[in-house]
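Read off the chains here:
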Amino acid sequence: MKAYNPHEIEPRLQLAWEEAGLYTVPENSDAPKKYVLEMFPYPSGDMHMGHASNYTYGDVVARYSKMQGFDVLHPMGWDAFGLPAENAAIKHHSHPAIWTYENIETQKKSFSRMGFSYDWDRKVVACDPEYYRWGQWIFLKFWERGLVERRNSPVNWCPSCGTVLANEQVIEGRCWRCDSEVEKRDLTQWYYKITDYAQELLDDLDQLEGWPERVKQQQANWIGRSEGANVDFILCDRDGNAPAEPTEDDIITVFTTRADTLFGCSFFLLAPEYKGLMDLVAGTEYEAGVREVVEQAAKVSAVERAQGDREKHGAFTGRYMVNPVNGEKVPVWVADYIVSDYGTGAVMAVPCGDQRDFEFARKYDLPIIPIILGEDDPLFPELDGVQERRVTSVDWDHAYDAEGVLVQSGKYTGMTGGKHSPAVDAIIADLEAQGLGRTKVEFRLRDWLISRQRYWGNPIPAVHCPECLFNFVQQHHAVRAAAHGLRQLPALAVAHIARRRAQQACHRVLFHIFAHIKAQKRLFTAKAAVRQRPGQRCFSHARGPQEQNRSQGARRAGKPKPGALQRARNGAHRVCLARSLRPTRC
């Protein structure tokens, strides 16, 4: 028997399969249809054994389905945008487009040698304009529906990678990719407002038939619906006096699911990122301690800080808040386990009922006031039916977070307390009647930050100008670019020329494609785009004296007027693709 020679047999059969179009899916067929899709790989290099294993499983399913008579759509593509590709290109002194497309061709050859049954006519590459233009189209549709928002927020910043990191990408205060120390920065970012659909996402989990209950519960926890109330506390001045007529600036609101524990609030906590925190302590003896907590918290992700088993750190601010249910003044602390992206960034601390508050109170010797007890607790006989404050410390080794009977809680003493308990409803109702609180539903789900990439990512179709704010590039620009034979170029550059007319801020947005991937290290000629130098003004606004003097001198010398468009037309203005495609400011 002739020995099996894969290098002779497999290429010959694979060529026959390709010529016969064996895996090409017909558009119109009466056969039943099946869609088989595996996760698209990153084009960071050639395949490894993990790829071979993963895509073999999918291929088995696709081939088995085809043998059962299905028309199987089994495509392949590449998740080709992202920071790893950009960093790899920099490391290899290449351009991300060149690096990415070379690796795609390498992986495609390996996939072909493996004999996978892909329909290559339906290949998807995320960095192709034919693909990512639809991401831009979706962005514009979201914007039209009010589902896109641009706002300033604290983010995890890796100075080495030069980009924003998700909380999950910060490990013990360091970047998961390069191990650099991560810092907090306030940056303006784009967000999809997915929180508008939080309740719908939660409700529709019931429609996921066949999904494991464990997975559905994980999704529900991730969405994290909490029913509670916003409660207003009043900030005292630096002398500890509460204002007679509080203004909005004197009120700090907390969200709580346990209004029944308000009588157990023995201190008040602010997140290190809380807006105005440093103003509270500016020029006081407490400023240095608060600043140290803020700076140390900036090096750790919000996810890590919120973990219950992590040691807690805080500092007293020297200020006090007035508890709305009993008028008691409680000290204000900053604590690193409080995060700003849930609730309001301010928390009423109830150490008798919350384990993290309990540990913080133990560490800094703060009162632990028992206000909810089980009937089997040794303190219950002493405090049963007692409305006034008698006990301010306990010998417990952990907080009591179960349902119980309220004690030391004014007129609510004796009521059953706990989540969704009669005591919660009664206290919220009274707060609402006094204008000191209102019911509120919060979700742990946060809006989706979509602008975390540096250069090598889907270009956001917006043009920025400091006076015109920003304009959005409409879809017809992309269509026009395609009509001019620019379909195969890998990235977009947006150039903005704004001309002021009457009361209008901007009238034109020019949208061009600059990329060219055929030659490595090639410089690119900007023929119809404006690249702004640092400090240069928008064309829609008057130029400064220095620019005017340079223009007059050029004209006296018989040279053309020094404008970016003129330089582009005569081919003298050459820019590297990696620089010209950064977010354009007009």
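Refer to the preceding data block for the structure.
As a convention, each chain's residues are numbered from 1 in the sequence order in which they are written. With pLDDT at 70 or above as the cut-off, local features in this predicted model cover only qualifying residues; side-chain atom pairs require 80 or more to be listed or tallied, and sums for whole chains, interfaces and linings still use all residues. Only heavy atoms go into the side-chain values, all of them from the structure, while hydrogens and water stay out.

## Observations concerning the overall build of the protein
So, point 1. Each helix and strand counted, the protein has 17 helices and 26 strands in total.
So, point 2. Three exposure classes are used, based on accessible area relative to the maximum for each residue type with a 1.4 Å probe and protein chains only: buried under 20%, partly exposed in between, and exposed over 50%. Out of the 586 residues belonging to the protein, those deemed buried represent 45%.
So, point 3. Sequence-distant contacts in the protein: of pairs separated by 6 or more residues, those separated by 24 or more amount to 71%.
So, point 4. Here the open area of atoms and residues is found with the Shrake-Rupley method and a 1.4 Å probe, where only the protein chains shown may cover a residue. Accessible surface computed for the protein: about 32200 Å², of which carbon and sulfur atoms make up 50%. We count a stretch as a helix when DSSP gives it H or I for four or more residues in a row; a strand needs E for two or more, and each element gets its number in order from the N terminus. Note on definitions: a residue-residue contact is assigned when non-hydrogen atoms from the two residues lie within 4.5 Å.

## Considering the pattern of salt bridges
So, point 1. By convention in these notes, a salt bridge is any Lys or Arg side-chain nitrogen within 4 Å of a carboxyl oxygen on Asp or Glu. A full pass over the atoms with the stated rule returns 21 salt bridges.
So, point 2. A salt bridge links Lys141 to Glu144; the nearest nitrogen and oxygen atoms lie 3.6 Å apart. On the criterion of helical spacing, the pair formed by Lys141 and Glu144 is a turn pair, its members being three residues apart in helix H5 (residues 129-144).
So, point 3. Given a relative accessible area of 35%, Lys141 falls into the partly exposed group.
So, point 4. Among the salt bridges present, the one from Arg258 reaches Asp260, with a minimum N-O distance of 2.9 Å.
So, point 5. On the basis of relative accessible area, Arg258 is assigned to the buried category, the value being 13%.
So, point 6. Among the residues examined, Asp260 registers a relative accessible area of 0% and is labelled buried.
So, point 7. Via salt bridges that share partners, Glu27, Asp119 and Arg122 belong to a single interconnected network.

## What about a nonpolar patch on the surface?
So, point 1. Like-charged residues within 9 Å of one another, or nonpolar side chains (Val, Leu, Ile, Met, Phe, Trp, Tyr) within 5 Å, are grouped into patches, provided each residue has over 30% relative accessible area and no salt bridge. On the surface, Trp134, Trp137, Ile138 and Phe142 cluster together to form a nonpolar patch covering roughly 350 Å² of accessible area.
So, point 2. As for its placement among the helices and strands, Ile138 is situated in helix H5.
So, point 3. Overall, the relative accessible area of 37% leaves Ile138 in the partly exposed class.

## Notes on helix H11 (residues 355-364)
Two residues of an α-helix separated by three or four positions point the same way, owing to the 3.6 residues in each turn.
So, point 1. By the burial criterion, the buried members of H11 are Asp357, Phe358, Phe360 and Ala361. Along H11, the residues classed as buried sweep out an arc of 165° about the axis, all on the same side.
So, point 2. Contact partners of the buried residues in H11: strand S12 (267-270), strand S13 (314-322), strand S14 (329-335) and strand S15 (346-349).
So, point 3. Under the rule applied, a polar contact is a pair of N or O atoms within 3.5 Å (in protein, one hydrogen donor and one hydrogen acceptor; residues adjacent in sequence only if both atoms are side-chain atoms). Its side-chain oxygen at 3.0 Å from the backbone nitrogen of Arg356, Asp354 defines the N-terminal cap of H11.
So, point 4. Asp365 sits one or two residues past H11 and shows a positive phi near 55°. By arc we mean the arc of the directions from the helix axis to the C-beta atoms, nothing more.

## Looking at the sheet that holds strand S17 (residues 404-406)
So, point 1. Pairing between two strands requires that DSSP report at least two bridges joining them. An order of S16-S17-S18 is seen for the three strands of this open sheet, with the pairing classed as antiparallel. Two strands in the sheet have a free side with no partner beyond their single neighbour: strand S16 (372-373) and strand S18 (416-417).
So, point 2. Where S16 and S17 come together, two bridges link them in antiparallel fashion. Directly across from Ile372, in S17, lies its bridge partner Leu406.

## Considerations on the pairing of strand S5 (residues 148-158)
So, point 1. With ten bridges joining them, S5 and strand S9 (residues 183-192) adopt antiparallel strand pairing. By the bridge assignment, Pro154 is partnered in S9 with Asp186.
So, point 2. Hairpin connection of S5 to strand S6 (residues 163-165): four residues between the antiparallel strands, including Gly162 at a positive phi of 70°.

## Side note on the side chain of Ser409
So, point 1. Topologically, Ser409 is positioned in the loop between S17 and S18.
So, point 2. Note on Ser409: relative accessible area 0%, which makes it buried.
So, point 3. At 2.8 Å, the side chain of Ser409 forms a polar contact with the backbone oxygen of Val407.
So, point 4. Not counting chain neighbours up to four residues away, the residues in contact with Ser409 comprise Phe263, Ile371, Val386 and Gln387.

## Remarks on the sheet that holds strand S20 (residues 448-449)
So, point 1. A sheet is described by the order of its strands in space; here four strands give the open sequence S6-S5-S9-S20, paired in antiparallel fashion. The strands lining the two open edges of the sheet, one partner per strand, are S6 and S20.
So, point 2. Examined bridge by bridge, S5 and S6 share three bridges and lie antiparallel to one another. Across the sheet, the residue bridging to Cys158 is Thr163, located in S6.
So, point 3. Axis lines are fitted through C-alpha atoms, for helices just across the contact stretch, and the angle between N-to-C directions can take any value from 0 to 180 degrees. H5 rests against S5 and S9 of the sheet, and its axis sits at about 85° to S9.

## A closer look at the packing of helix H3 (residues 83-91) against helix H4 (residues 96-114)
So, point 1. In contact at an axis separation of 8 Å, H3 and H4 are set at 105° when each is read in the N-to-C sense. Between H3 and H4, the crossing angle belongs to the class labelled roughly perpendicular. Here Ala85, Glu86, Ala88 and Ala89 of H3 lie close against H4, whose contacting residues are Pro96, Trp99 and Thr100.
So, point 2. Within the contact of H3 with H4, the residues separate by chemical class into five nonpolar, one polar and one charged. Roughly parallel means an angle under 35 degrees; roughly antiparallel means over 145; roughly perpendicular covers 65 to 115; every other angle is labelled oblique. Residue polarity is assigned by list, with Asp, Glu, Lys and Arg as charged and Ala, Val, Leu, Ile, Met, Phe, Trp, Tyr, Cys and Pro as nonpolar; anything else, Gly included, falls into the polar class.

## Comments concerning the packing of aromatic side chains
So, point 1. Centres within 6.5 Å make a pair out of two Phe, Tyr or Trp rings, where for Trp the six-membered ring is used; the pair is then stacked when the planes are under 30 degrees apart, edge-to-face when over 60, and tilted otherwise. Tallying each qualifying case throughout the model produces 26 aromatic pairs.
So, point 2. Their ring planes at 75° and their centres at 5.8 Å tell us that Phe316 and Tyr320 sit as a pair that is edge-to-face.
So, point 3. Classification of Tyr320 by relative accessible area gives partly exposed; the value is 32%.
So, point 4. Ring pairing ties together the aromatic residues Phe267, Tyr286, Phe316, Tyr320, Trp333, Tyr337, Phe360 and Tyr364, which thus form one cluster.
So, point 5. By the criterion adopted, a ring carries a charge over it if an Arg CZ or a Lys NZ lies within 6 Å of its centre and within 35 degrees of its normal. Directly above the ring of Trp17 sits Arg63, whose terminal nitrogen or CZ lies 5.5 Å from the centroid.
So, point 6. Here Arg133 stacks its cationic end above the ring of Trp134, 4.8 Å away from the centre of that ring.

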